[in-house]
Amino acid sequence: MAATPRIIVVGGGLAGLAAVIKIAEAGGKVDLFSIVPVKRSHSVCAQGGINAAKNLKGEGDDVFKHFDDTIYGGDFLANQTPVKNMTAQGPAIIDLLDRMGVPFNRTPEGLLDFRRFGGTLYHRTAFAGATTGQQLLYALDEQVRRYEAEGKVTKYEGWEFLSAVLDTKGACRGITAMDLRTMETRTFPADAIIVCTGGNGAIFGKSTNSVVCTGSAQSALYQQGAYYANGEFIQVHPTAIPGEDKLRLMSESARGEGGRVWVPKDKNDKRAAQSIPESDRWYFLEEWYPKYGNLVPRDVATRAIFKVVYEHDMGIDGQPMVYLDVSHLSPERQHKLEGILEIYEKFVGDDPRKVPMKIFPGMHYTMGGLWVDFNQQTNIPGVYAAGEADYSIHGANRLGANSLLSCIYGGFVAGPQAMAYARSLPAQEGDGGHAAELARQKEFNNLLLNNKGTENPFKIWRELGDTMTKHATIIRYNAGLDEADAKIVELLDRYRNVNLSDKSQWANTSFAFTRQLWNMLQLGRVIVQGARLRDESRGAHYKPDFPDRNDEKFLKTTKAAFRDDAPAFEWEEVDISHIQPRPRRYDATA
Amino acid sequence: MPSTIKVEIKRQSNPDAPATTEKFEVPYRSGMNITSLLGEIALNPVDVSGRATTPITYDSNCLEEICGSCAMLINGKASMACSALVDKLTGPNKDQTITLAPLSKFPIVRDLAVDRSVLFENLKKVKAWVPIDGSYDLGAGPKQAPQIQEKRYPLSNCISCTICMEVCPQFNDATGFVGAATIAQAKLFNLDPSGAVLKEERLRALAGDGGIQECGFAQNCVQACPKQLPLTEAISDMGRDVFIQQVKDLFAR
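Everything numeric in this text was worked out from a predicted model, so none of it was measured.

### As for the overall build of chain B
Part 1: What chain B contains, in helices and strands, is 8 helices and 7 strands.
Part 2: Dimensions of chain B along its principal axes, counting C-alpha atoms only, are 70 × 40 × 35 Å.
Part 3: Contacts in chain B between residues at least 24 apart in sequence constitute 64% of all its contacts with a sequence separation of at least 6.

Written as structure tokens, this is what we have:
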């Protein structure tokens, strides 16, 4: 083993950068791979804030309450030990970000300000306006730039991860990656790799996710033998702006600052929203959930909006939309939401300071992901994962403002763990599998470039997104899930007949996309089949035919393995060593 | 409402290839932006004459104007493609052709994609970071008055889109000017209680050729910035600080 461990981090969002910082600080050498310049990673889209029980509002908040809220919010599906560790580290992580210069909002005394978020009754969310993810990512990006300037980090921006290089014993010895300009595919050696490639919104076509959030890297590793866990748990965010090309998030912080969700009581009410008097508005979340009101967890709010629109037929103007109203808030409170109000104004054209926003739920977050142990290691030795790309922490439903925390926590665990692993790794035999893996990837490239088919990859993608959104988001039926799986099998078949209109070997984005598409299709099957097999309702996974949580049969982690070109499933007990599962009832008043 | 949108796109298959213009007519849908229009072309890469072509290469990621990827020239104006709505670009009768071209001051990669890594290099030069002691639990940071946060936060909203550099007459090979974004970031970190420890180094990095003195006060930057950063204010504040630092350094010799 070389004296200096060499670690590859894939993905330069919050989790990846957090891991890089820990490795560089401990004297390791890091190669950081990212499709986009890391400062443009999807973490910038996080808006509302980051949770930590600092208890600076005299409410008696503490890390155990944060732990309990997270487990309860996740409907008891998360393994409890890592969640306990994460929530315990929350306050120190906030302090660190503060020291890095994140422009968190302040109290008059100059202390950190905290706002409320969904699924808790405490002011636990530190924030920088309504662009907290951007501010956090930038802070970590700056620290990594500092290490880069010192020669401790080498960035490979504009490179896409294709696969892990595995040796004869199945341990990871590096990666294959493709330069998105020269289209060169090559291998890179590493003693361990950390995969921090985010969520998989692109599988659903339109989502709140960024373009790069395809789940391609996770899927490639799943096809190489990594378990993919709890794939069926997909968070549909209650408040997104429906859009032509994507669904734009309207942060939960809008409700945290006092925003209210409503529809006109009379569905034929033709008045402009702002002229409808209070008495003629139906604040259905406040009515149904008097204790949490507009700040119920996301899965609960999403189903409520869905019910109002499709069961009560009460959508605005008969459309699948409800009002999210911040027009009554004071200018000071609106100012704290500036970033997101600008997004609404730019993309919709109405001023949300004066007119209630029209919103509808949209696919938002991937609770499932690569299976990892409590040290963030997957079942492939030397392959670690952190952030949205792994399945830990959020269980069946993520609480708002826990994702930024889980990314940094996961990276902070994975970095040092990968270093420790690398230090005890025996030297590789032969070439460690590099030549064979490179040949496998080049064969795939050549197959695609020389295919004489007729299918447009973007059309296949659109059909995948349509079927996933229809059958595998808010409401799930077994018949629909079967239909979705059959559709994906059809799309995989048509993929073999794909035709690249661009076969050039320079900055060929459609070629890179077509490679991702194969992985999206494979992961789509994991999601729908996992959902098909889970005959219960838990967190974000809701089946009207099985409306109750069934702990006896399904208090288990779903694990998918890629066998014979299809997902094969097994189930694992959940760690409930700290908090006994109890019914999850946000409509209770006590 | 029109049924199609006419668009002309300046294309270049690689840095050494000649530039060409391709014309497309794309089915119109209400609410379309430039990135969804480019997505439509990828779905059916055929130009207006019916000739098969290739999907357009361009940078994009978040599609909500926060990642800074998709800056390009839209009807000649440097803008973010995601927040450029088609309805606002086709003129009063909604029939004008939209033109798309790459930013002109950066090396072309392909089509509408350019290489803007110069900005990230510039951020290294001005040490745009807080030199923390370590990532361990070292307690809370210094208190910071909300008034300071109100000054820092707008500067921290810079998305590195480089539009301020594209529109600046002084940003060119002859001057080597670092551009407004880098100067604003230097101010951001000089305002931070801990970041200020590197204040003098940042000011020295902005002195001399290519530094803040190259600014010609055209004020294009502040007008073009999609995130409304107070760029001219930052340049003027930093210009003063750089000058004071130069005088100090002169007498300290």
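### Topic: the overall build of chain A
Part 1: Across its full length, chain A holds 16 helices and 21 strands.
Part 2: Based on the C-alpha atoms only, the size of chain A along its principal axes is roughly 75 × 55 × 50 Å.
Part 3: The buried share among the 590 residues of chain A stands at 62%.
Part 4: When contacts within chain A are restricted to residue pairs at least 6 apart in sequence, long-range pairs at least 24 apart make up 74% of them.

### Brief notes about the sheet that holds strand β18 (residues 369-370) of chain A
All names here are of chain A.
Part 1: Pairing in this open sheet of 4 strands is antiparallel, and the strands run β18-β11-β20-β21 from one edge to the other. Two strands lie at the open edges of the sheet, namely β18 and β21 (566-573), each paired on one side alone.
Part 2: Across 8 bridges, the pairing between strand β20 (residues 556-563) and β21 is antiparallel. Each bridged residue has a counterpart across the sheet, and for Lys559 the counterpart in β21 is Glu570.
Part 3: Contacts from helix α15 (residues 509-533) reach β11 (228-229), β20 and β21, with the element oriented near 50° to β21.

### A word on the domain arrangement of chain A
Residues and elements named next belong to chain A.
Part 1: The assigned domain composition of chain A is domain 1 (1-44 + 153-233 + 367-590) and domain 2 (241-362).
Part 2: At the interface, 15 residues of domain 1 touch 20 residues of domain 2.
Part 3: Grouping the amino acids of the side of domain 1 that touches domain 2 by side-chain chemistry returns 7 nonpolar, 6 polar and 2 charged.

### Quick look at the sheet that holds strand β17 (residues 357-366) of chain A
Residue and element names in this part refer to chain A.
Part 1: Spatially, 6 strands are ordered β13-β12-β17-β16-β14-β15 in an open sheet, and the strand pairing comes out antiparallel. In the strand order of this sheet, the two ends are held by β13 (248-249) and β15 (281-282), each with one partner.
Part 2: Strand direction decides the pairing type here: strand β12 (residues 234-241) and β17, joined by 5 bridges, are antiparallel. From the neighbouring strand, His237 faces β17, where its bridge partner is Gly362.
Part 3: Contacting β12, β13 and β17, helix α10 (residues 338-348) crosses the sheet at an angle of about 70° to β12.

### Re the environment of Lys459 of chain A
All names here are of chain A.
Part 1: Assignment of secondary structure puts Lys459 in helix α13 (residues 457-471).
Part 2: Assessed through the 15 C-beta atoms surrounding it within 10 Å, Lys459 is described here as partly exposed.
Part 3: C-alpha of Lys459 to C-alpha of Asp75: the two residues are 384 residues apart in sequence and 37 Å apart in space.

### Examining the domain arrangement of chain B
Residues and elements named next belong to chain B.
Part 1: Segmentation of chain B into domains returns domain 1 (4-114) and domain 2 (117-251).
Part 2: Between the C-alpha centres of domain 1 and domain 2 there is a distance of 31 Å.
Part 3: Each partner contributes residues to the interface: domain 1 has 12 residues there, and domain 2 has 12 residues.
Part 4: Along the lines of polarity and charge, the residues of the side of domain 1 that touches domain 2 split into 7 nonpolar, 3 polar and 2 charged.

### Examining the packing of helix α2 (residues 63-73) of chain A against helix α3 (residues 80-99) of chain A
Residue and element names in this part refer to chain A.
Part 1: Between α2 and α3, the shortest axis-to-axis distance is 9 Å and the interhelical angle comes to 140°. One finds that α2 runs oblique with respect to α3. For the element pair α2 and α3, the recorded crossing hand is right-handed. Judged by residue contacts, Val63, His66, Phe67, Thr70 and Ile71 of α2 engage Gln80, Val83, Lys84, Thr87, Ala88 and Gly90 from α3.
Part 2: Of the residues assigned to the contact of α2 with α3, the class counts are 5 nonpolar, 5 polar and 1 charged.

### Considering the interface of chain A and chain B
Quoted interface sizes are often the accessible area lost when the parts come together.
Part 1: The partner chain B presents 58 residues to the 56 residues of chain A that form the contact.
Part 2: When contributions to the side of chain A that touches chain B are tallied by element, the ones reaching two or more residues are α1 (14-25), α3, α4 (132-149), α10, α13 and α15 of chain A.
Part 3: The biggest single contributor to the side of chain A that touches chain B is α4 of chain A, with 8 residues.
Part 4: Of the residues in the side of chain A that touches chain B, the class split is 21 nonpolar, 16 polar and 19 charged.

### Brief notes about the nonpolar core
General note: in soluble globular proteins, nonpolar side chains tend to be found buried as a group.
Part 1: Counting residues in each nonpolar core, the largest one holds 260 residues, and the members touching the most others are Ile7, Val10, Val20, Ile193, Ile194 and Val195 of chain A together with Cys164 of chain B.
Part 2: Looking at this core element by element, the count peaks at 12 residues for helix α11 (residues 403-423) of chain A.

### Things to note about helix α1 (residues 34-43) of chain B
Part 1: With 9 of 10 residues buried, α1 of chain B lies mostly within the body of the structure.
Part 2: Lining the buried residues of α1 of chain B we find α13 and α15 of chain A together with β1 (4-11), β2 (20-27), β3 (71-74) and β5 (98-101) of chain B.

### A short note on the packing of α3 of chain A against α11 of chain A
All names here are of chain A.
Part 1: Relative to each other, α3 and α11 sit at 95°, their axes nearing to 10 Å. Between α3 and α11, the angle falls in the class roughly perpendicular. Along the contact surface, α3 presents Met86, Gln89, Gly90 and Ile93, while α11 presents Leu405, Ser406, Ile408 and Tyr409.
Part 2: Of the residues in the contact of α3 with α11, the class split is 5 nonpolar, 3 polar and no charged.

### Section: the pairing of strand β4 (residues 77-80) of chain B
Residues and elements named next belong to chain B.
Part 1: By the bridge criterion, 4 bridges tie β3 to β4 in an arrangement that is antiparallel. By the bridge assignment for β4, Leu73 is matched with Ala78.
Part 2: Between β3 and β4, which pair antiparallel in sequence order, lie 2 residues; one of them, Asn75, sits at a positive phi of approximately 50°.

### Overview of the environment of Ile576 of chain A
Residue and element names in this part refer to chain A.
Part 1: By the secondary structure assignment, Ile576 is in the segment after β21.
Part 2: Residues Ile576 and Gln529, spaced 47 residues apart in sequence, show a C-alpha to C-alpha distance of 25 Å.
Part 3: Non-local contacts of Ile576, meaning those with residues more than four positions away in its chain, are made with Phe76, Gln80 and Pro581.

### Notes on unusual backbone geometry
Part 1: One non-glycine residue, Asn55 of chain A, lies in the positive phi region at around 50°.
Part 2: Here Asn55 of chain A is to be found in the loop between β3 (50-51) and α2.
Part 3: Judged by the 18 C-beta atoms lying within 10 Å of it, Asn55 of chain A is partly exposed.
Part 4: Of note in this structure, Glu65 of chain B is not a glycine but carries a positive phi near 60°.
Part 5: Relative to the helices and strands, Glu65 of chain B resides in the loop between α1 and β3.

### Some details on the confidence of the model for chain B
Part 1: Taken as a whole, chain B shows an average pLDDT of 96; of its residues, 100% reach a score of 70 or greater.
Part 2: Two numbers describe this predicted complex: its pTM, 0.97, and its ipTM, 0.97.

### Some words on helix α3 (residues 146-156) of chain B
Part 1: Within α3 of chain B, burial applies to Gln149, Arg152, Tyr153, Leu155 and Ser156 of chain B. Buried residues along α3 of chain B cover an arc of 160° about the axis, so they all sit on one side.
Part 2: Contact partners of the buried residues in α3 of chain B: α4 of chain A together with α5 (180-191) and α8 (231-251) of chain B.

Thresholds, definitions, all that
Residues numbered from 1 in each chain as written. Chains lettered and ligands numbered in written order. Predicted model: local features only at pLDDT ≥ 70, side-chain atom pairs only at ≥ 80, totals over all residues. Helix = DSSP H or I, 4+ residues; strand = E, 2+ residues; numbered from the N terminus. Contact = placed C-beta atoms within 7 Å. Buried ≥ 20, exposed ≤ 12 C-beta atoms within 10 Å, placed from the backbone. Pairing = 2+ DSSP bridges. Axes fitted to C-alpha atoms, helices over the stretch in contact; angles between N-to-C directions. Domains from an automatic or database assignment. Nonpolar A, V, L, I, M, F, W, Y, C, P; charged D, E, K, R; others polar. Parallel < 35°, antiparallel > 145°, perpendicular 65-115°, else oblique. Left-handed = near helix turned anticlockwise from the far one by under 90°. Core = buried A, V, L, I, M, F, W, Y, C linked by C-beta atoms within 7 Å. pLDDT = per-residue confidence, 0-100. Arc of directions from axis to C-beta.

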